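Topology and contacts: notes
Spelled out, the chains give:
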Amino acid sequence: MLQGKKIVLGVTGGVAIFKSVQLVSNLRKQGAEVRVVMTDHAQEFITPLMFAEISGNKVATSMWDKNQEFHVEHIALANWADCYLIAPATANIIAKMANGIADDLLSTTLLAATCPVIVCPAMNTNMYENAATQANLATLASRGVTIMEPNAGFLACGVNGKGRMPEPIEIQNFLDEFFAKREGDMRGLKVLVTAAGTREPIDPVRFVGNRSSGKMGYAVAEMAASRGADVILVSGPSALKPPANVKVINVETTCEMLEACLAAYDEVDIVIKAAAVADYRPRDVADQKIKKKNDDAMTVVMDKNPDILKTLGGKKTHQVLVGFAAETQNLLDNAREKVVKKNLDMIVANDVTMQNAGFNADTNIVKLLYASGDVKSLDCMPKIEVAKVILDEALKIRANRE
Ligand code: PMT
């Protein structure tokens, strides 16, 4: 979402300013253009030259500097931006903003800004918690300024508490989500995604599982979040890093996954069930590791697990319900049966015996089967691209219902 975005970064005089340097670098790597405005106090910590080098643009520091690109119409700087970010934001600039004070370049351009403004407070805990600062932040929030909460932790002043500026990557993700929520075509929608395989324990060290890595489901969650959706990702164990801006609920067993899905179900608009779910679980789970015996064989009695997707299908009201079918034979017939039995709007059928498809591959080759009986075949493509098409189709199904 940050590609091509124009961001003005207002930097005030706080110790956290060193993080702003990394932030500018991160934003540029994401394709954003960044122009930095520094207060006099900020320049006591770091010279404008540092930000000029990192941002690739002149740094604005004064209303009166004739050499500044935006010197005549300092207001133009505020109008140029897609977003005005203040990081770090001291108690001083927050107070000035709340009271409409414009006594330097930063506060003046902020007063003139028509673009969205995001403030990242960073200060001593007592200053942050002071009633004046809290009242000022509340005032700003009531005027539509977005406040990114500071983190708690060890502060430069030696205190352990709230007031730390979030890390550059956290601010970058926050901006990403901020733009996605404003501009993405899935903004306002809630999406539930399941991913990876469930595990059914046999004893404390063994389980019945499957080969799902989570790549397919994580790709769907990532794509939905980048398009502005509120995403809940219910995931079985996976080695993957959770996508940014996604609420992750980690589960292990099918019953836990069912519980997590049911808890979210009423509130979501779209469900994409990419998880590979165990159909059976061992009836008895041993408390201790099962010892090897002299017998040549061992029997584990398995009980049937609930079918999560079928349960959701039975309770479907407004949701668009999309399942996956992992098949090794009769792909279309088996998938079609699942669409009907589980009351789905669409199923993504993958023949998991194919190369570059199915479990743990970075690509997938799928056929989309609709409740209408129509079938659409997709070429081999990266899972993130498959995710995009699945979400496009889910949106079309939703639109056709309205
Ligand atoms: O994670 P990756 O390594 O990227 O691999 C991706 C994948 C191959 C796991 C994925 O593309 C996929 O096919 N997921 C579905 C796997 C599966 O469980 O298929 P199934 O045909 O057994 O189940 C059909 C549907 O019912 C699935 O949406 C499944 O989540 C759901 N199900 C199945 C059984 C059960 N008890 N409850 C369910 O909800």
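All of the points below concern the structure found in this document.

Looking at the packing of helix α5 (residues 91-99) against helix α8 (residues 131-142)
The N-to-C vectors of α5 and α8 enclose an angle of 50°; their axes lie 9 Å apart at closest approach. Between α5 and α8, the crossing angle belongs to the class labelled oblique. Note on packing geometry: the crossing formed by α5 with α8 is left-handed. Where α5 approaches α8, its residues Ala91, Ile94, Ala95, Met97, Ala98 and Asn99 are matched on the opposing element by Thr133, Asn136, Leu137, Thr139 and Leu140. Class assignment of the residues belonging to the contact of α5 with α8 gives a composition of 7 nonpolar, 4 polar and no charged.

What about the site of the ligand?
Taken together, the neighbourhood of the ligand is formed by 28 residues, with Ser212, Ser213, Lys338, Asn350 and Asn360 sitting nearest. A distance of 2.8 Å is found between an oxygen atom of the ligand and a backbone nitrogen or oxygen belonging to Gly214. Here Lys338 contributes a side-chain N or O atom positioned 2.5 Å from an oxygen atom of the ligand. Every element with two or more residues in the shell around the ligand is listed here: α10 (215-226), α12 (308-314) and β16 (320-327). The element contributing the most residues to the shell around the ligand is β16, with 4 residues. For the shell around the ligand, the residue count by class is 13 nonpolar, 8 polar and 7 charged.

Thoughts on the pairing of strand β13 (residues 270-273)
The two faces of the sheet receive side chains in turn, since in a regular strand these alternate between them. Residues Ile270 and Ile272 of β13 are buried on one face, and the alternating residues Val271 and Lys273, pointing to the opposite face, are buried as well. As paired strands, strand β8 (residues 190-195) and β13 are joined by 4 bridges and run parallel to one another. Following the sheet pairing, Leu192 is matched in β13 by Val271. Pairing analysis gives 4 bridges linking β13 to β16, with the strands arranged parallel. From the neighbouring strand, Ile270 faces β16, where its bridge partner is Val320.

Section: the packing of α5 against helix α6 (residues 105-112)
Relative orientation of the contacting elements α5 and α6 amounts to 40°, with a least axis distance of 10 Å. In terms of orientation, α5 lies oblique with respect to α6. Along this stretch, α5 crosses α6, giving a crossing that reads as right-handed. Taking contact as the criterion, the partners of Ile93, Lys96 and Met97 in α5 are, on α6, Leu106, Ser107 and Leu110. Its residues assigned to classes, the contact of α5 with α6 shows 4 nonpolar, 1 polar and 1 charged.

Definitions and limits used
- Residues numbered from 1 in each chain as written.
- Predicted model: local features only at pLDDT ≥ 70, side-chain atom pairs only at ≥ 80, totals over all residues.
- Heavy atoms only, no water.
- Axes fitted to C-alpha atoms, helices over the stretch in contact; angles between N-to-C directions.
- Helix = DSSP H or I, 4+ residues; strand = E, 2+ residues; numbered from the N terminus.
- Parallel < 35°, antiparallel > 145°, perpendicular 65-115°, else oblique.
- Left-handed = near helix turned anticlockwise from the far one by under 90°.
- Contact = heavy atoms within 4.5 Å.
- Nonpolar A, V, L, I, M, F, W, Y, C, P; charged D, E, K, R; others polar.
- Near = heavy atom within 4 Å.
- Polar contact = N/O pair within 3.5 Å; in protein donor to acceptor, adjacent residues only side chain to side chain.
- Buried < 20%, exposed > 50% of the residue type's maximum accessible area, 1.4 Å probe, protein only.
- Pairing = 2+ DSSP bridges.

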